[in-house]
Amino acid sequence: FTNNTFVGSPVGSAALNAGQHCGLVGAGGPCAVQYSLEGINWDGIDPQAKRLRFGINSVDEGMVLPIFLSKDDSLGGHKAMVSGHLRGFANVPGCQKLGSVWDNAIACESQIRRLNVWAGDIGIINITGPGYLPKEEMNMARPVNGMDAGLMYYEDNFGTTVKGYGAPVLVGGNYTITGPWAGDVSFEFSDNILEELYNTSESVSLKIY
């Protein structure tokens, strides 16, 4: 989203709702989508109105996994935001929990990107590392379903689109993924378009078991 001005109140659920229909038939997925905001002006809405919402008419992953990014003040000066459901990111240095205007998101001064695992349905896989809680602290209630402890669920939009898994990770972070690997599996970190847009060289360290 570039050079957009939001005007008018009330805003309904939020001025910008991410993940519309994510994970449902005919829509996209996995739901760990990167939304880049630049030149956004929120001055035309009530100062207390909710600017963002994580998940709208989506599967549970659409409420937990989206990522908002910015290289200017579009996110209140923060570089990245993830859902407040991912409580472990609040423990990362430079990250903090925000209020209702930002949908109780966790904002970080470090860059966050998506990590996708493209594979068939091999069951639940698990990512551990910065931002993710120990399993004994995970929340298994919906919509979190243990995703705050790095549980990654197979997303196939009910058999209608590309199939795989996704999760937010810190750029430069060290992560471990474990799973019952079978068949063809590939790992994708962020994308070239975003790397060019932000004029950065991005990487993540990944151990696979």
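Up top is the structure these notes are about.
This structure is a prediction, so every number in the text was calculated from the model and none was measured.

1. Observations regarding the state of the cysteines
Applying the stated criterion across every chain yields a total of two disulfides. In this model Cys-22 forms its disulfide with Cys-31; the gap between the sulfur atoms is 2.1 Å. When the S-S torsion is -120 degrees, as for the bridge of Cys-22 with Cys-31, the disulfide is left-handed. For the pair shown, Cys-22 and Cys-31 are each scored as buried.

2. Side note on the pattern of salt bridges
Throughout the structure, instances matching the rule amount to six salt bridges. A salt bridge links Arg-87 to Asp-148, with the nearest nitrogen and oxygen atoms 2.8 Å apart. Taken together, the residues Arg-87 in the loop between strand 7 (80-82) and strand 8 (95-97) and Asp-148 in the loop between strand 11 (125-128) and strand 12 (151-152) connect sequence positions 61 residues apart. Through salt bridges with shared partners, a single ionic network connects Arg-114, Glu-188 and Asp-191.

3. As for the sheet that holds strand 14 (residues 174-178)
Overall, mixed pairing links the four strands, which are arranged 12-11-14-16 in an open sheet. If you trace the sheet from one side to the other, it starts and ends with strand 12 and strand 16 (205-208), each paired once. Where strand 14 lies against strand 16, four bridges are found, and the strand directions are parallel. Its bridge partner being in strand 16, Thr-176 is matched across the sheet by Lys-207.

4. Section: the sheet that holds strand 7
Pairing in this open sheet of five strands is mixed, and the strands run 3-6-7-9-8 from one edge to the other. The two strands at the open ends of the sheet, each matched to only one other strand, are strand 3 (34-37) and strand 8. Sheet twist, expressed as the average angle between the axes of neighbouring strands with direction ignored, equals 20 degrees. Pairing between strand 7 and strand 9 (residues 106-108): three bridges, direction antiparallel. Across the sheet, residue Val-82 finds its bridge partner in strand 9, namely Ile-106.

5. Side note on the nonpolar core
Counting residues in hydrophobic clusters, the biggest one holds 33 residues, and the most contacted among them are Phe-89, Ile-112, Ile-125, Ile-127, Tyr-132, Met-152 and Tyr-165. Of all the secondary structure elements, the ones that give two or more residues to this core are strand 6 (67-70), strand 7, strand 9, strand 10 (112-118), strand 11, strand 13 (164-170) and strand 14. Setting aside anything within four residues of it in sequence, one finds Ile-127 in contact with Leu-115, Tyr-132, Ala-149, Gly-150, Met-152, Ala-167, Val-169, Tyr-175, Thr-176 and Ile-177. In this structure, Leu-16, Ala-18, Trp-42 and Phe-68 belong to the second largest nonpolar core, which totals 19 residues.

6. Looking at the pairing of strand 13
Burial within strand 13 is extensive, with seven of its seven residues counted as buried. Neither face of strand 13 is exposed, since Gly-164, Gly-166, Pro-168 and Leu-170 on one face and Tyr-165, Ala-167 and Val-169 on the opposite face are all buried. Bridge count between strand 10 and strand 13: seven bridges; the pairing is antiparallel. Across the sheet, Arg-113 pairs through a bridge with Val-169, a residue of strand 13.

7. Topic: the side chain of Asp-60
Topologically, Asp-60 is positioned in the loop between strand 5 (52-56) and helix 1 (61-64). Among the residues examined, Asp-60 registers a relative accessible area of 11% and is labelled buried. Polar contacts involving the side chain of Asp-60 include one to the side chain of Arg-142, which spans 2.8 Å. Excluding residues that lie within four positions of it along the chain, Asp-60 makes contacts with Arg-142, Pro-143, Asn-145 and Met-147.

Rules of the game
Residues numbered from 1 in each chain as written. Predicted model: local features only at pLDDT ≥ 70, side-chain atom pairs only at ≥ 80, totals over all residues. Heavy atoms only, no water. Disulfide = S-S within 2.5 Å. Buried < 20%, exposed > 50% of the residue type's maximum accessible area, 1.4 Å probe, protein only. Salt bridge = Lys/Arg side-chain N within 4 Å of Asp/Glu carboxyl O. Helix = DSSP H or I, 4+ residues; strand = E, 2+ residues; numbered from the N terminus. Pairing = 2+ DSSP bridges. Axes fitted to C-alpha atoms, helices over the stretch in contact; angles between N-to-C directions. Core = buried A, V, L, I, M, F, W, Y, C linked by side-chain atoms within 4.5 Å. Contact = heavy atoms within 4.5 Å. Polar contact = N/O pair within 3.5 Å; in protein donor to acceptor, adjacent residues only side chain to side chain.

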